[in-house]
Amino acid sequence: MQNKYNITYVFFGFLFLLIGYLVWMMARQMIGPIIFGLVLAGVFNPLKNKIISKWKVTNYTSSILTTLIITLLVLIPLIFLALAISKEAVSLYQRIVSALAHHEVDNFLFGEGAIADLIRSFSQMSGMDIDMDQVKTAVLNALKGASGTVISSINSIMGNIITFIFDLAIMMIVVFGIFIEGKHLKNYIFDLSPLPSDQEQKILEKFNQMNYVTLVCNGVGGVIQGVLAGIALWFTGFESIVLWTVVMVFLAFVPLVGISIVTIPASLYLVLTGDTGAGVGLFIFTSLVGLIVENWFKPKFIGDRIKINSTFVLLTIIGGMGVFGMGGIFYGPIIGILFLTVVEIYHDQYNFVVE
């Protein structure tokens, strides 16, 4: 009888692993849209519940309305932005090369200017032979590669429009499904998990809180910084404003550096090309916007929802982008906070000394 039970367990384990593997094979092509759908559902679930309580509608009606709101606020603008960026990215490389070819800028970076002097000083101190012409060529090649990557990425998305629409459809199906069956799915997963319910609930709450902070709080802050900085760039004469605005919105998600990656070089370029007032004004304005949003607006918006070290967030974003690409801006901090939550649970519940 014992042998019969052992064979049954082994066969069931094999069957479970086989079916799990087959499910993974079917789902892996959709894993990105599925994950982002889960993230969006977690972020907008409070809105769905608010619609139910305020308008006294059913869960089904509220789910439809919230899904339509997500489509109008998130997905449709993304499509139009992708089309606009695709047009502007084509001429981006040539404009950057033209800016670097300006006499004062070229001299500052590769001739007798401060940056060039700093590179030569480092060369002397380190004993390395650094050729400024080679440095210039390397910079131009890097810019060309980055510009080409942007163009190819956008063109691949828009070129394979069927896949693009399919991914969006999967994402919204996941969102709608979570809205409709979220409670049942939560209970089902909790029943499968061997963890106590309070620990499962804590992990879920941290996941939803980080979703809100990453997408809503950082998203609104990023849009404010990116749009205001984009308007400032437009006033000072820069082109490809839509592209630079979108880039700065994404950069605003990155702690410590943010939009300064764009605004400081832009301000320096204006100063070097003789438009000192515009350069200083751009630097002061964008710095104030960044300081106000990061040190006043975001803390007010986030409140007591979640506290996490900025350096840790930066590292999770960098690591996340290395694994998931641009999606790592969102996935990295979520994975990071889940890790910290699991560590916290370990210290509270499982950190015992075996004697």
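Anyway, here's the lowdown on the structure attached to this text. Bear in mind that the values here come from a model prediction, so they are computed numbers and not experimental data. (Residues numbered from 1 in each chain as written. Predicted model: local features only at pLDDT ≥ 70, side-chain atom pairs only at ≥ 80, totals over all residues. Heavy atoms only, no water.)

Moving on, we get to the layout of surface pockets. Reported here for the second largest pocket is a volume of approximately 960 Å³. Of the residues in the lining of the second largest pocket, the class split is 19 nonpolar, eight polar and five charged. (1 Å grid on protein atoms, 1.4 Å probe; cavity = no way out; pocket = protein on both sides within 12 Å on 5 of 7 lines; lining within 4 Å. Points joined across faces, edges and corners; volume = space filled by probe spheres on them. Nonpolar A, V, L, I, M, F, W, Y, C, P; charged D, E, K, R; others polar.)

Moving on to a nonpolar patch on the surface. A surface patch of nonpolar side chains, about 1,200 Å² in accessible area, is lined by Phe11, Phe14, Leu15, Leu18, Ile19, Tyr21, Leu22, Val23, Trp24, Met25, Met26 and Ile31. In this fold, isoleucine 31 is placed in helix α2 (residues 31-55). (Patch = residues over 30% accessible without salt bridge, like charges linked within 9 Å, V, L, I, M, F, W, Y side chains within 5 Å. Areas by Shrake-Rupley, 256 points an atom, 1.4 Å probe, with all protein chains shown as cover. Salt bridge = Lys/Arg side-chain N within 4 Å of Asp/Glu carboxyl O. Helix = DSSP H or I, 4+ residues; strand = E, 2+ residues; numbered from the N terminus.)

Packed helices, taken two at a time, are described by the angle between their axes plus the distance between the axes. At their nearest, the axes of α2 and helix α9 (residues 197-235) sit 8 Å apart, and the two run at 90° to each other. As far as their axial angle goes, α9 and α2 are roughly perpendicular. Of α9, the residues touching α2 (which contributes Phe36, Leu38, Val39, Leu40, Gly42 and Val43) are Phe207, Asn208, Asn211, Tyr212, Leu215 and Val216. Its residues assigned to classes, the contact of α2 with α9 comprises nine nonpolar, three polar and no charged. (Axes fitted to C-alpha atoms, helices over the stretch in contact; angles between N-to-C directions. Parallel < 35°, antiparallel > 145°, perpendicular 65-115°, else oblique. Contact = heavy atoms within 4.5 Å.)

What follows deals with the environment of glycine 230. Position of glycine 230 relative to the elements: it lies in helix α9. Looking at glycine 230, the relative accessible area reads 1%, which means it is buried. Between the alpha carbons of glycine 230 and threonine 245 there is a distance of 4.9 Å; along the sequence they are 15 residues apart. The contact partners of glycine 230, leaving out residues within four places of it in the chain, are Ile241, Thr245 and Met248. (Buried < 20%, exposed > 50% of the residue type's maximum accessible area, 1.4 Å probe, protein only.)

What follows is about α2. Taking 1.5 Å of rise per residue, the 25 residues of α2 would be expected to cover 36 Å, and the 34 Å separating its terminal C-alpha atoms lies within 8% of that figure. Of all the bends in α2, the greatest, near 45°, is centred on phenylalanine 44, and the proline proline 46 appears no more than four residues after it. Every buried residue of α2 is accounted for by Pro33, Phe36, Gly37, Val39, Leu40, Ala41, Gly42, Val43, Phe44, Lys48 and Ile51. Lysine 56 sits one or two residues past α2 and shows a positive phi near 55°. (Expected span 1.5 Å × (residues − 1). Bend = angle between axes of the 7 residues up to and from the residue.)

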